[in-house]
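# Results of the structural survey
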Amino acid sequence: MPKNNSKLLMVCTPWNEQKTDYLFAFLVLLFLGLIYRNILHFGFVWDDIFLISKNPHLQQPIVWKDVFLAPFWKFSSSYNSCLVYYRPLVKLLTIFQYRIFGLNAGGYHLFNLCLHIGNVALVWYLLRKFDLDRRSTYFGVFLFAFHPVTIPTICYISSVGDLLAVFFMLLSLVFWN
């Protein structure tokens, strides 16, 4: 004669889709943290050296005209007149990051990682907004979060502009009808 498990069923709470979402979000955050934990100990490389660690403009008071009117590389320590980029938001962010982190490269890397996590959250929101089933959403979020092409943009401080571009592009899709 089978045992009556009705008491056991009453005690256990049902596993619903919201709990699955929370578990998946926790696992994504956990694995992102584990994968990128070493970047907090990375230093400045390539363009980071000219834009941050050897940049005399960061140590001076902010000249707002230069932030919004001067080319991006004129802001660095190695100005080449051929490189005429207009990136005032990245310049402004670099100034504020320098005021907070100084020459501690780990802070800049942590900011890039947090921005990537924010982008992952926006991708999650958008995929749910498009009424995809949960497995498709999980696959899309997993692919966006852990694809190897994202490694340079997270680990390379000077690519914060790419992370910001993705952030604002995803944010515009969130607010689009």
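Conventions used here
- Residues numbered from 1 in each chain as written.
- Predicted model: local features only at pLDDT ≥ 70, side-chain atom pairs only at ≥ 80, totals over all residues.
- Heavy atoms only, no water.
- Helix = DSSP H or I, 4+ residues; strand = E, 2+ residues; numbered from the N terminus.
- Buried < 20%, exposed > 50% of the residue type's maximum accessible area, 1.4 Å probe, protein only.
- Areas by Shrake-Rupley, 256 points an atom, 1.4 Å probe, with all protein chains shown as cover.
- Contact = heavy atoms within 4.5 Å.
- 1 Å grid on protein atoms, 1.4 Å probe; cavity = no way out; pocket = protein on both sides within 12 Å on 5 of 7 lines; lining within 4 Å.
- Points joined across faces, edges and corners; volume = space filled by probe spheres on them.
- Nonpolar A, V, L, I, M, F, W, Y, C, P; charged D, E, K, R; others polar.
- Axes fitted to C-alpha atoms, helices over the stretch in contact; angles between N-to-C directions.
- Left-handed = near helix turned anticlockwise from the far one by under 90°.
- Phe/Tyr/Trp six-rings, centres within 6.5 Å; stacked < 30°, edge-to-face > 60°.

## Points about the overall build of the chain
Summing up its helical and strand segments, the chain has nine helices and zero strands in all. Counting helices and strands in the order they occur from the N terminus, the chain gives α-α-α-α-α-α-α-α-α. Each of the 177 residues in the chain was classed as buried or not, and the buried ones make up 36%. Accessible surface, the chain as shown: approximately 11600 Å² in total, 69% of it carbon and sulfur.

## Quick look at the side chain of T137
Here T137 is to be found in helix α7 (residues 134-146). In contact with T137, other than residues within four places in its own chain, are W124, L127, R128 and L132.

## Considering empty space enclosed by the protein
This model, assessed by the stated rule, comprises one cavity of 30 Å³ or more. Reported here for the largest cavity is a volume of approximately 60 Å³. Along the wall of the largest cavity there are ten residues; nearest its centre are L51, I52, T94, I157 and S158. Of all elements in the fold, only α3 (47-53) and α5 (88-101) reach the threshold of two or more residues within the lining of the largest cavity. Partitioning the lining of the largest cavity into residue classes produces six nonpolar, three polar and one charged.

## What about the packing of α5 against helix α9 (residues 160-175)?
Each pair of packed helices gets described by two things: the angle between the helix axes and the distance between those axes. With their axes 10 Å apart at the nearest point, α5 and α9 run at an angle of 115° to one another. Between α5 and α9 lies a crossing of right-handed hand. Across the interface between the two elements, L89, V90 and L93 from α5 touch V160, G161, L164 and F168 from α9. Residue composition of the contact of α5 with α9, by class: six nonpolar, one polar and no charged.

## Considerations on the side chain of N119
Relative to the elements of secondary structure, N119 occurs in helix α6 (residues 105-129). Those residues in contact with N119 that sit more than four places away from it in its chain are F144, L163, V166, F167 and L170.

## As for the packing of aromatic side chains
Across all of its chains, the model carries eight aromatic pairs by this definition. On the basis of an interplanar angle of 20° and a centroid distance of 4.3 Å, the ring pair of F24 and Y138 is categorised as stacked. Here the residue F24 occupies a position in helix α2 (residues 17-36), and Y138 occupies one in helix α7, the gap between them amounting to 114 residues. With respect to class, F24 is no different from Y138; both count as buried.

## Digging into unusual backbone geometry
With the exception of glycine, the majority of residues adopt a negative phi angle, and the majority of peptide bonds are in the trans configuration. Positioned with a positive phi, D131 is a non-glycine residue whose angle comes to about 60°. Looking at where D131 falls in the secondary structure, it is placed in the loop between α6 and α7.

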